Amino acid sequence: MIIDNLVEIHCHITPGIDDGSQDIETSLKMIERLKEQGAKKIVLTPHYYSDTISLDDFLRRRDTAINALLKELPSGSPTLYPAAEVFISPYLFNNDNIDDLKIAGTEYVLIEHPFSSPFGEGEFDRLMNLYCDFGARPVLAHIERYRALMEDKYKLDDLIEMGCLPQVNISSFADAPRGIRKKLFKYLETGRVMLVGSDAHNLTTRPPEYEDGINAIIKKCGKEAVDVLIQNANTLVK
Ligand SMILES: [Fe+2]
C-alpha cells in the first residue's frame, strides 16, 4: 500500500538511543520501509526522560546518533527531522527552553504521560505551563493508552481546546482491544483524532507498518478520514 505524502511523526528509528532501533542497519531498513509506503518526511522521536538525563546530554546523544545515521542514508530517502517523545515530568521545567525537542521548527512537542495518568488538574496545569514557559504546544502521544482519555471525551475536548493535538498509533485502529477501537473510530469521526504515527520501535514486534490501520479506517470511516489525517501531518511538518 502506498499512502501519498505520508509523514511519520512518531517513531523510534534513531539508532542506539532508546528502546527503539539499536543499530544503523535497522534504522535504515525502517526508513526504507516507510519510504516504500509513501513517506517523504520522518520526524524522529526518541524517548526523552527528563527525570533521568539532562537535556544537554540527551541532545548530544541524539544528534550524534542522527549524524551517524545521516552519513549512511541513501540519496532519495525521506527527509529526517530531529525531535523527541518527551515524558512530562517536573524536571522538564528546569530547562531554559525546549526548542530542540520541538517538531520540525514548529511550536509542537510530542508529549507522553505515565499510563496511569488521570489527566486531572495537575496534568492540565503542566501542559498549560509548557506553553507559558516554552511556547510549546503538545501533540498528545498515543491517546488510546490512557484510560482517562478513552473514558471521558470531555477531558479530551478540554485538551483540544487548550491547543493539544491528539495522536493515535496507526496499528491501534486494527489491533487494539475492541472497546478501544470502537472509541477510536468514534473519536476519529468526530474530529478528536488529529494525527497518526507508527510509534515503530523495530522491524518485528513494533514495525513501521501503516497498511492494517489505514485499511481499518477506510472500512469504518471512509478514505476521506485518512486524507484528513495525512493532510494534518503535512500541515504540521511543512
Ligand atoms: Fe513512542
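> Tell me about the nonpolar core, residues and numbers included.
Among the nonpolar cores identified, the biggest contains 66 residues, and I42, L44, V86, I103, V109, L110 and V139 are the most heavily contacted of them. Among the elements that make up this core, the one with the highest residue count is helix α2 (residues 55-72) (5 residues). If near-sequence neighbours (up to four positions away) are discounted, L110 is found in contact with H10, T45, A83, A84, E85, V86, I103, V139 and A141.

> Summarise the sheet that holds strand β4 (residues 79-82); cite the residues concerned and give the values.
Here we have 3 strands laid out as an open sheet, ordered β1-β2-β4, and parallel in their pairing. The open sheet has two edge strands with one neighbour each: β1 (6-8) and β4. If you compare each strand with its neighbour and ignore which way they point, the axes differ by 15 degrees on average. Inspection of the sheet shows strand β2 (residues 39-44) paired to β4 by 4 bridges, in the parallel sense.

> Residue-level account of the sheet that holds strand β9 (residues 195-197), with values.
Strand order in the open sheet formed by 6 strands is β3-β5-β6-β7-β8-β9, with parallel pairing between adjacent strands. Single-partner strands in this sheet number two, and they are β3 (47-49) and β9. Within this sheet the neighbouring strands show an average axis-to-axis angle of 35 degrees, counted without direction. As defined by bridge partners, strand β8 (residues 165-169) adjoins β9 across 3 bridges and the pair is classed as parallel. Bridge pairing in β9 places N169 opposite G197.

> Could you give an account of the packing of helix α7 (residues 178-189) against helix α8 (residues 211-221), naming the residues involved and the relevant values?
Packing of α7 against α8 leaves a shortest axis separation of 11 Å and a crossing angle of 65 degrees. Viewed along their axes, α7 and α8 adopt a mutual orientation that is roughly perpendicular. Pair α7 / α8 crosses with right-handed handedness. Residues F185, L188 and E189 of α7 touch α8, and the partners they reach there are I217, K220 and C221. Of the residues in the contact of α7 with α8, the class split is 4 nonpolar, no polar and 2 charged.

> I'd like to hear about unusual backbone geometry, residue by residue, with values.
Of note, A104 is a non-glycine position whose phi angle comes to about 45 degrees, a positive value. Note on placement: A104 falls in the loop between β5 (85-87) and β6 (108-112). Even without being a glycine, D199 presents a positive backbone phi close to 50 degrees. If you trace the backbone, D199 turns up in the loop between β9 and α8.

> Explain helix α1 (residues 24-36) residue by residue, including any values.
Its 13 residues place the ends of α1 18 Å apart at the C-alpha level, agreeing with the 18 Å of an ideal helix rising 1.5 Å per residue. Of the residues trailing α1, G38 is marked for its positive phi of about 110 degrees.

> So what's going on with the packing of α1 against α2? Which residues, and what values?
In the contact formed by α1 and α2, the axes pass within 10 Å of each other and the chain directions differ by 65 degrees. Looking at the two axes, α1 sits roughly perpendicular to α2. As α1 runs across α2, the sense of the crossing is right-handed. Counting all contacts with α1, which are made through I24, S27 and L28, the residues of α2 involved are A68, L69 and E72. Its residues assigned to classes, the contact of α1 with α2 shows 4 nonpolar, 1 polar and 1 charged.

Scoring rules and cut-offs
Residues numbered from 1 in each chain as written. Predicted model: local features only at pLDDT ≥ 70, side-chain atom pairs only at ≥ 80, totals over all residues. Core = buried A, V, L, I, M, F, W, Y, C linked by C-beta atoms within 7 Å. Buried ≥ 20, exposed ≤ 12 C-beta atoms within 10 Å, placed from the backbone. Helix = DSSP H or I, 4+ residues; strand = E, 2+ residues; numbered from the N terminus. Contact = placed C-beta atoms within 7 Å. Pairing = 2+ DSSP bridges. Axes fitted to C-alpha atoms, helices over the stretch in contact; angles between N-to-C directions. Parallel < 35°, antiparallel > 145°, perpendicular 65-115°, else oblique. Left-handed = near helix turned anticlockwise from the far one by under 90°. Nonpolar A, V, L, I, M, F, W, Y, C, P; charged D, E, K, R; others polar. Expected span 1.5 Å × (residues − 1).

Function-wise, these values are silent; they only describe arrangement.
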